[in-house]
Amino acid sequence: MGRPKVKLAWVEERKRRATVCQRRIKELIQMAEELTIVCDMSACLVFYNRKNGKLVAWPSLEEAQSLIDCYNALPETERNMKADDEESSFIKTITKEIEKKLELSRKSVEELKMDNLMLQIKNGSRMIADLSQTEIEKLKSYASKKIEYYDRELRKQHPNTSGNEPFLEDDDGEMKTYEGESSESDGADNA
């Protein structure tokens, strides 16, 4: 079980502050040592006290200086890439998720617009002649996608029917027409 949370605050008493500092430095050095063993990597710690000018380096001042020199010898792009790699990876992942959600939202909005436009045309509040060329193209594309979708769904429910066979026939083999449809119009193509 881990150590209980300690409230971080300035330690007023000088001797107690020095004791807390020494204990914390010792704990950090122990964690760094464990990390280098477990992860098979190099690490160093440097602590500097501005008031008394005391410098503490782990594992030694020479090894810490050598490791810092190796890091500084890397090109700046590689240093930044390694330093930001985990954070930028997280940000890229979140960005991709948000972009997917945004694209789905855009598609939903476009579908709602097309459904609304079809409803307006059906109710007579808009006429096909009043639509712009862009609206007509979007409506045609949307309608054909919807027809393909419903055709696939009907084939799932009725797998024994062929694609050319109409689903709605009366007993005479004629296509059924409903209120608002014309048997001569061939559907929406002539509308």
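Just above sits the structure.
Calculation notes
Residues numbered from 1 in each chain as written. Predicted model: local features only at pLDDT ≥ 70, side-chain atom pairs only at ≥ 80, totals over all residues. Heavy atoms only, no water. Helix = DSSP H or I, 4+ residues; strand = E, 2+ residues; numbered from the N terminus. Contact = heavy atoms within 4.5 Å. Areas by Shrake-Rupley, 256 points an atom, 1.4 Å probe, with all protein chains shown as cover. Patch = residues over 30% accessible without salt bridge, like charges linked within 9 Å, V, L, I, M, F, W, Y side chains within 5 Å. Salt bridge = Lys/Arg side-chain N within 4 Å of Asp/Glu carboxyl O. Pairing = 2+ DSSP bridges. Buried < 20%, exposed > 50% of the residue type's maximum accessible area, 1.4 Å probe, protein only. Phe/Tyr/Trp six-rings, centres within 6.5 Å; stacked < 30°, edge-to-face > 60°.

Chemist: What is the right way to read the overall build of the protein from this model?
Modeler: Broken down by element type, the protein carries 4 helices and 2 strands. Its helices and strands taken in sequence order, the protein reads α-β-β-α-α-α from the N to the C terminus. Sequence-distant contacts, at least 24 apart, represent 21% of the contacts inside the protein between residues at least 6 apart. Accessible surface for the protein amounts to roughly 17,000 Å². Of this, 53% is attributable to carbon and sulfur atoms.

Chemist: Looking at this model, I keep getting lost on a nonpolar patch on the surface. Mind explaining?
Modeler: Nonpolar side chains collect at one region of the surface, where Val46, Tyr48, Leu55, Leu61 and Ile68 lie side by side and expose about 460 Å² of accessible area between them. Those elements giving two or more residues to the nonpolar patch turn out to be strand E1 (45-49) and helix H2 (61-73).

Chemist: What am I meant to see in the pairing of E1 here?
Modeler: Side-chain direction in a regular strand flips from residue to residue, so the side chains alternate between the two faces of the sheet. By the bridge criterion, 5 bridges tie E1 to strand E2 (residues 54-58) in an arrangement that is antiparallel. Across the sheet, Phe47 pairs through a bridge with Val56, a residue of E2. The loop that links E1 with its antiparallel partner E2 comprises 4 residues; one of these, Gly53, has a positive phi angle of about 70°.

Chemist: I keep staring at unusual backbone geometry and nothing clicks. Help me out?
Modeler: Glycine aside, the phi torsion of most residues is negative, and most peptide linkages are trans. Here Trp58 and Pro59 are connected by a cis peptide whose omega angle stands at 0°. Inspection of the secondary structure assignment puts Pro59 in the loop between E2 and H2. One non-glycine residue, Asp40, lies in positive phi territory at about 50°. Along the chain, Asp40 falls in the loop between helix H1 (14-39) and E1.

Chemist: What exactly am I supposed to notice about the side chain of Thr36 here?
Modeler: Summarising the element assignment, Thr36 is placed in helix H1. Of the residues examined, Thr36 reaches a relative accessible area of 18% and is grouped as buried. Every residue in contact with Thr36, bar those within four places of it in the chain, is listed here: Met41, Ser42, Ala43 and Trp58.

Chemist: How should the pattern of salt bridges be read in this particular structure?
Modeler: For side chains bearing opposite charge, pairing can occur when the charged atoms are close. Per the counting criterion, the structure on display carries 5 salt bridges. A salt bridge links Lys138 to Glu110; its shortest N-O distance comes to 3.7 Å. One end of the pair, Lys138, is in helix H4 (residues 133-157); the other, Glu110, is in helix H3 (residues 76-123), with 28 residues separating them in the sequence. Looking at Lys138, the relative accessible area reads 41%, which means it is partly exposed. On the accessibility criterion, Glu110 (27% relative accessible area) is partly exposed.

Chemist: Would you take a moment to explain the packing of aromatic side chains for this structure?
Modeler: Geometry of an aromatic ring pair is reported as the spacing of the ring centres plus the angle between the planes. Scanning the model with the defined rule gives 1 aromatic pair in all. Judged by centre distance (5.2 Å) and plane angle (65°), the ring pair of Tyr149 and Tyr150 falls under edge-to-face. Overall, Tyr150 belongs to the partly exposed group, its relative accessible area being 47%.

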